[in-house]
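Residue-level structure breakdown
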Amino acid sequence: MKRTMEFVIDVYLIFLILFFSIKKKFHVFVNIFNYFVLALLLSSYFSIIGVNIRAFTIGGDMKLEILFRLYELIFEPLICIGYLNLFCSVKSKLKKIVLSVFVFFILWAAEFLFVQLGVITFINWNYQKTFISLFGILLTTYFCQQWFRSILKKEGIQT
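Calculation criteria
Residues numbered from 1 in each chain as written. Predicted model: local features only at pLDDT ≥ 70, side-chain atom pairs only at ≥ 80, totals over all residues. Heavy atoms only, no water. Salt bridge = Lys/Arg side-chain N within 4 Å of Asp/Glu carboxyl O. Helix = DSSP H or I, 4+ residues; strand = E, 2+ residues; numbered from the N terminus. Buried < 20%, exposed > 50% of the residue type's maximum accessible area, 1.4 Å probe, protein only. Axes fitted to C-alpha atoms, helices over the stretch in contact; angles between N-to-C directions. Parallel < 35°, antiparallel > 145°, perpendicular 65-115°, else oblique. Left-handed = near helix turned anticlockwise from the far one by under 90°. Contact = heavy atoms within 4.5 Å. Nonpolar A, V, L, I, M, F, W, Y, C, P; charged D, E, K, R; others polar. 1 Å grid on protein atoms, 1.4 Å probe; cavity = no way out; pocket = protein on both sides within 12 Å on 5 of 7 lines; lining within 4 Å. Points joined across faces, edges and corners; volume = space filled by probe spheres on them. Phe/Tyr/Trp six-rings, centres within 6.5 Å; stacked < 30°, edge-to-face > 60°. Lys NZ or Arg CZ within 6 Å of the ring centre and 35° of its normal.

1. Points about the pattern of salt bridges
- Per the counting criterion, the structure on display carries 2 salt bridges.
- Taking the shortest distance from any N to any O, the salt bridge between Arg-69 and Glu-65 comes out at 2.9 Å. In this pair, Arg-69 and Glu-65 are both assigned in helix α3 (residues 62–89), 4 residues apart and thus about one turn of the helix distant.
- Residue Glu-65 is classed as partly exposed on the basis of its relative accessible area of 24%.
- Two residues, Arg-69 and Glu-72, come together in a salt bridge whose shortest N-O distance is 2.4 Å.

Next comes the structure, spelled out in structure tokens:
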């Protein structure tokens, strides 16, 4: 258990360093807006499927709960923000498809790792439902981002 938590926190720290060291395409306001939208959507999504639908349970230990909440509020939103920045900067459709597949694989692998490590346990849920949900969350965030960028352009802020 202790090694699991240390490993996951190490992965989080490496990811945070990588995220903040890579140049972003969008203005900092757009990235902050994306983070808030993703945090709202992801926390609502996990609350709905975890509490209301009871599609998964989090391991009984408080450390596992903390790991999952870090995943929900830091890891997954930053992966999605990085994806949106890269997706809008890539010109080729093939590169966009490869990038999308890669990001969805990373998100699936993180969820799979959490299931294998016993952090979460699914009850009547499968990975296809997660894929569809994440696609909807990313699409909603993308449209919110475009809307927010249009507002910033009207205000005279270059995004």
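2. A short note on the packing of helix α4 (residues 93–116) against helix α5 (residues 127–154)
- Orientation of α4 relative to α5, taken along the N-to-C sense of each, is 135 degrees, at an axis distance of 11 Å. The pairing of α4 with α5 is recorded here as oblique in orientation. Note that α4 runs across α5; the crossing there is right-handed. Across the interface between the two elements, Phe-104, Leu-107, Trp-108, Glu-111, Phe-112 and Val-115 of α4 pack against Tyr-127, Thr-130, Phe-131, Leu-134, Phe-135 and Leu-138 of α5.
- Looking at the contact of α4 with α5, its residues break down into 10 nonpolar, 1 polar and 1 charged.

3. Quick word on the layout of surface pockets
- Considering only enclosed or pocket space, the largest pocket measures out at about 330 Å³ in volume.
- In terms of lining residues, the largest pocket is bounded by 18 residues, among which Phe-19, Ile-22, Gly-82, Tyr-83 and Leu-86 are the most central.
- Contributions of two or more residues to the lining of the largest pocket are made by α1 (2–21), α3 and α4.
- When grouped by side-chain class, the residues that make up the lining of the largest pocket number 12 nonpolar, 3 polar and 3 charged.
- In this model, the second largest pocket occupies a volume close to 150 Å³.
- Broken down by secondary-structure element, the contributors of at least two residues to the lining of the second largest pocket are α1, α3 and α4.
- In terms of residue count, the dominant contributor to the lining of the second largest pocket is α1 (5 residues).
- Across the lining of the second largest pocket, the residue classes tally to 10 nonpolar, no polar and no charged.

4. Considerations on the packing of aromatic side chains
- Per the stated rule, a full pass over the model turns up 17 aromatic pairs.
- Here the aromatic rings of Tyr-83 and Phe-87 are separated by 5.5 Å at their centres, their planes lie at 40 degrees, and the arrangement is tilted. Taken together, the positions of Tyr-83 and Phe-87, both in helix α3 and 4 residues apart, correspond to about one turn of that helix.
- For Tyr-83, a relative accessible area of 8% corresponds to the buried category.
- The partly exposed category is assigned to Phe-87, whose relative accessible area is 22%.
- For the ring pair Trp-108 and Phe-112, a centre distance of 5.2 Å and an interplane angle of 20 degrees mean the geometry is stacked. Residue Trp-108 and its partner Phe-112 are located together in helix α4, separated by 4 residues, close to a single helical turn.
- Members of the aromatic cluster, each reached through a chain of ring pairs, are Tyr-45, Phe-46, Phe-56, Phe-68, Tyr-71, Phe-75, Phe-114 and Phe-122.
- Seen from the ring of Phe-87, Lys-96 lies directly overhead, with NZ or CZ sitting 4.9 Å from the centre.

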